[in-house]
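What follows is each chain in one-letter form.
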Amino acid sequence: GPDLAKTVFTVRATPGDPIKITKLVSYHSSNGVPAVELADRCSRTLERAEADGVDQIVNEQRAWLDDFWTHADIELRGDDRAQQALRWNLYQLAQASARTQEQGIAAKGVTGGGYDGHYFWDTEVYVAPFLAYTMPEAARKVVRFRWQLLDAARERAREMSQVGALYPWRTINGEEASAYYAAGTAQYHINAAVVLALRRYLEASGDIDFLSHEGAEILVETARLWVDLGFYAKNGGRTFHVHRVTGPDEYTTVVNDNFYTNVMARFNLRYAARTVRFLAQWNPEAFESLVRATGLELQELDDWDAAADCMFIPFDEELGINPQDSEFLELEPWDWETTPPEHFPLLLNYHPLVIYRHQVLKQADVVLAMFLRSERFPVDQKRRNFDFYDPITTGDSSLSSCVQAVVAAEVGYDDLAFEYFNRSLYLDLSDSHGNTAQGVHVANAGGVWAGIVHGFAGMVEQGNHIEFTPRLPTAWDGLRFRLCRHGSVLQVDLDPDGLTVTVLSGSGVPVRTGDDVILVTADEPLRIER
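Student: Run through the overall build of the protein chain, naming residues and quoting values.
Tutor: Each helix and strand in the protein chain was counted, giving 17 helices and 13 strands. The C-alpha radius of gyration of the protein chain comes to 24 Å, within 12% of the 24 Å expected for a compact globule of 530 residues. Dimensions along the principal axes, computed over C-alpha positions, put the protein chain at roughly 85 × 60 × 55 Å. A burial count over the protein chain gives 54% of its 530 residues as buried. Across the protein chain, the fraction of contacts at a sequence separation of at least 24, relative to all contacts at a separation of at least 6, is 65%. Roughly 24400 Å² of accessible area belongs to the protein chain as shown, and the carbon and sulfur atoms make up 49% of that amount. Each charge class in the protein chain can be summarised by its mean position, and for the 47 positive and 76 negative side chains these summaries are 3 Å apart.

Student: Account for the packing of aromatic side chains, with residues named and values stated.
Tutor: Counting across every chain of the model gives 23 aromatic pairs. When the ring of Phe 120 is compared with that of Trp 169, the centres are 5.1 Å apart and the planes differ by 85°; the resulting orientation is edge-to-face. Here Phe 120 is found in the loop between α3 (80-97) and α4 (122-134), whereas its partner Trp 169 is found in the loop between α6 (150-159) and α7 (190-205), with 49 residues between them in sequence. For the pair Phe 120 and Trp 169, one class covers both residues: buried. Ring geometry for Phe 386 and Tyr 413: centres 5.9 Å apart, planes at 55°, overall tilted. A residue pair is termed long-range when its members are at least 10 positions apart, and Phe 386 in helix α14 (residues 379-389) and Tyr 413 in the loop between α15 (401-410) and α16 (414-425) qualify at 27 residues. Taken together, the ring pairs connect Phe 418, Phe 421, Phe 456 and Trp 476 into an aromatic cluster. Arg 81 extends its terminal NZ or CZ atom over the ring of Tyr 426, reaching a point 4.4 Å from the ring centre. If you follow Arg 238 out to its NZ or CZ, it ends over the ring of Tyr 232, 3.7 Å from the centre.

Student: If you had to explain the packing of α14 against α15 to someone new, which residues and values would you point to?
Tutor: Between two packed helices, both the angle of their axes relative to each other and the distance between the axes serve to describe the pair. Axis separation between α14 and α15 bottoms out at 9 Å; the angle between their running directions is 135°. When the interaxial angle is binned, α14 and α15 end up oblique. For the pair α14 and α15, the sense of crossing is left-handed. Contacts between α14 and α15 involve Val 379, Lys 382 and Phe 386 on the former and, on the latter, Gln 404, Val 407, Ala 408 and Glu 410. Its residues placed into classes, the contact of α14 with α15 shows four nonpolar, one polar and two charged.

Student: Give me the lowdown on the pairing of strand β11 (residues 509-513), citing residues and values where you can.
Tutor: Across two bridges, strand β7 (residues 466-467) lies against β11 in parallel orientation. Opposite Ile 466, over in β11, you have Val 511 as the bridge partner. Bridge analysis of β11 against strand β12 (residues 516-520) gives five bridges, and the strand direction is antiparallel. Residue pairing in the sheet places Val 511 in a bridge with Ile 518 of β12. The loop that links β11 with its antiparallel partner β12 comprises two residues; one of these, Gly 514, has a positive phi angle of about 65°.

Student: Tell me what's going on with the sheet that holds strand β10 (residues 498-505), and back it up with residues and numbers.
Tutor: The five strands lie next to each other as β1-β8-β9-β10-β13, forming an open sheet whose pairing is antiparallel. At either end of the open sheet lies a strand with only one pairing partner, and these are β1 (74-77) and β13 (526-529). Going from strand to strand, the sheet's axes swing by 20° on average, the running direction of each strand aside. Examined bridge by bridge, β1 and strand β8 (residues 478-485) share four bridges and lie antiparallel to one another. Within the sheet, the bridge partner assigned to Leu 76 lies in β8 and is Leu 479.

Student: Provide a residue-level description of unusual backbone geometry, including the pertinent values.
Tutor: A cis geometry characterises the amide bond from Phe 344 onward to Pro 345, with omega recorded as -5°. The residue Pro 345 is located in the loop between β4 (332-333) and α12 (352-356) in this model. Although it is not a glycine, Glu 102 sits at a positive phi angle of roughly 60°. Assignment of secondary structure puts Glu 102 in the loop between α3 and α4. In this structure, Arg 244 is a non-glycine residue whose phi angle is positive, near 55°. Mapped onto the fold, Arg 244 is located in the loop between β3 (240-241) and α9 (259-282). The class of Arg 244 is partly exposed, set by a relative accessible area of 44%.

Rules behind the numbers
- Residues numbered from 1 in each chain as written.
- Predicted model: local features only at pLDDT ≥ 70, side-chain atom pairs only at ≥ 80, totals over all residues.
- Heavy atoms only, no water.
- Helix = DSSP H or I, 4+ residues; strand = E, 2+ residues; numbered from the N terminus.
- Rg over C-alpha atoms; globule rule 2.2 N^0.38 Å.
- Buried < 20%, exposed > 50% of the residue type's maximum accessible area, 1.4 Å probe, protein only.
- Contact = heavy atoms within 4.5 Å.
- Areas by Shrake-Rupley, 256 points an atom, 1.4 Å probe, with all protein chains shown as cover.
- Lys, Arg positive; Asp, Glu negative; His and termini not counted.
- Charge placed at Lys NZ, Arg CZ, Asp CG, Glu CD.
- Phe/Tyr/Trp six-rings, centres within 6.5 Å; stacked < 30°, edge-to-face > 60°.
- Lys NZ or Arg CZ within 6 Å of the ring centre and 35° of its normal.
- Axes fitted to C-alpha atoms, helices over the stretch in contact; angles between N-to-C directions.
- Parallel < 35°, antiparallel > 145°, perpendicular 65-115°, else oblique.
- Left-handed = near helix turned anticlockwise from the far one by under 90°.
- Nonpolar A, V, L, I, M, F, W, Y, C, P; charged D, E, K, R; others polar.
- Pairing = 2+ DSSP bridges.

Listed below in C-alpha cells is the structure:
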C-alpha cells in the first residue's frame with residue numbers, strides 16, 4: 001500500500017532450533033526519476049547484493065564505520081557509562097548524516113516520525129560544525145543543500161516583501177512549513193545560521209572552490225536581506241535596528257532588536273563583505289561570475305559593513321547585561337515558586353500569550369549568541385549574562401542544555417558545566433523530554449560533541465588559527481578526540497593539567513598558545529597547560 005509493505009513468514013518452529021532469516025532491502029530515491037525506474041534500480045541492486053553475498057555488504061559497512069570512528073570517536077577515561085553514552089550520541093550523528101545525498105538532515109534524522117521529516121536551522125548550528133571537523137564531505141553536502149534551495153529562499157524573501165534571500169525556519173523543499181508564524185516564520189535568524197555553517201565548513205576544509213561556485217552566492221543574498229529588513233534610527237546616534245522578529249527562544253516572540261538576531265546579522269554582514277572582497281582578489285573570474293549571477297554592485301559591500309558597524313546591540317548599563325531584546329527587561333518575571341514541576345514544559349500547560357508576557361526562556365538565547373560568537377564577548381560580560389539568564393531558562397528546548405554547558409565552562413562554572421553536559425549527554429537515553437519515541441534529538445547529539453570540543457577542550461576557530469582552553473571535568477581522568485582541518489588530522493589529548501595537540505597526518509596546523517601562534521607538526525606536538 002502507499003505507506004505499508006510487508007512480507008509474512010510462516011514457520012513450523014521447534015524449541016532450541018534457531019530460525020535465521022536474511023533480509024536484503026534496497027532504497028533508491030530521486031526528485032526527477034519516475035517511480036518505475038527507481039523500482040527497477042532497486043531490483044538490480046538486490047540482484048547484485050544477492051550475488052555478492054551478505055558478508056561483502058557487512059564488510060563494506062564495517063569499513064565505512066571504521067573510518068567514521070577513526071575521525072569522530074571521543075575516548076573518555078574514567079567513566080565507562082559516559083563513554084558509552086558519548087559513542088551512542090556520535091552514532092546518531094553518523095546515522096543521520098551518512099546518506100544525506102544533499103537532501104539535508106531532518107531534526108530526527110532517520111530515527112522517528114517527529115516533525116514529519118522537516119529540516120530546521122538546528123543542523124547548521126549544532127550538526128554542521130561536527131561534520132566540518134570530522135566528515136568534511138558530509139558538511140559540504142549539508143551546505144550545498146542550502147545552496148540548492150537558494151532560489152526558493154529568494155522567492156520567500158519576495159513573499160515577505162524583502163530583497164535577497166530568506167531561508168525558512170522549517171522546511172523540506174525550501175518553502176516555509178511553519179504552522180505558527182510567531183514562533184516559526186518570524187525567526188529570520190536562519191539566514192545567519194546558514195552562513196555560519198558555510199563559514200565553519202570553509203574554515204575546517206579550506207574549500208575555496210566551493211566558495212567560488214556556490215558559497216559566495218549565499219553570502220550575497222543573505223546579506224541583502226538584512227540590509228533591507230533593518231533600518232537606521234532617525235533619533236539619537238546612527239544605529240541600525242531589526243524589528244518584529246523572533247530569536248531562538250520561542251517563549252519570547254515578535255520583538256524589536258532581539259540580541260541573538262542582531263549579533264548574528266552583524267556577523268552575516270561582515271563575513272559576507274569580507275569574503276566577497278577576498279574572492280574578488282583571489283579569483284577575479286569567479287567574482288565576475290558572481291556579479292553576473294546576482295547583479296552585485298561593489299557599493300553593496302560598503303552598505304553591509306556600514307549596517308554591521310551600526311548594528312544596535314541591546315545593553316543595560318545598570319545591570320551590566322545584554323537584554324534579550326529591547327523590551328525584555330520590562331516584562332513581568334515568571335513566578336517560579338508557584339509553578340509545579342508537572343507544569344513543565346510550559347508551552348504544554350499555558351497559553352502562549354501568558355508565556356510571552358513574562359521573563360522566561362525556552363532555551364538559552366543570549367547565551368547561544370555568546371557561544372557562537374565567543375571571541376566577540378569578554379569573559380566578564382559572558383558571566384554577567386549567564387548569571388542573569390540561566391535561572392530563568394526552563395530548558396524546555398532540547399537545544400538548551402548543551403549550549404549552557406559550553407558557556408558555563410567558558411566562564412569558569414565547572415560543576416554547572418558538567419551538570420548541563422550530562423543533561424545533554426543522557427537527554428535521549430533517559431528520555432528526559434518524554435518524546436524520544438518520536439525520534440532522537442539529532443541537534444542535541446551535535447551539542448554533545450560541542451560540549452566536549454568547545455566546552456571542555458575550549459576549542460575556538462579563528463580562521464587563520466585555532467585556540468584551546470583546556471578544562472577537563474574533575475570526574476574524568478582524560479579525553480581524546482581528533483579533528484580534520486585543511487586536510488590535516490590532529491589529535492587532542494586532555495588530562496587534568498592541560499592538553500596536548502599532535503598532528504597525525506598532513507601539514508602543520510597553526511594553534512595559538514599565549515601570545516604566539518605555533519605551527520604544530522607531526523614532529524613537534526604542542527602542550528597547553530590548564
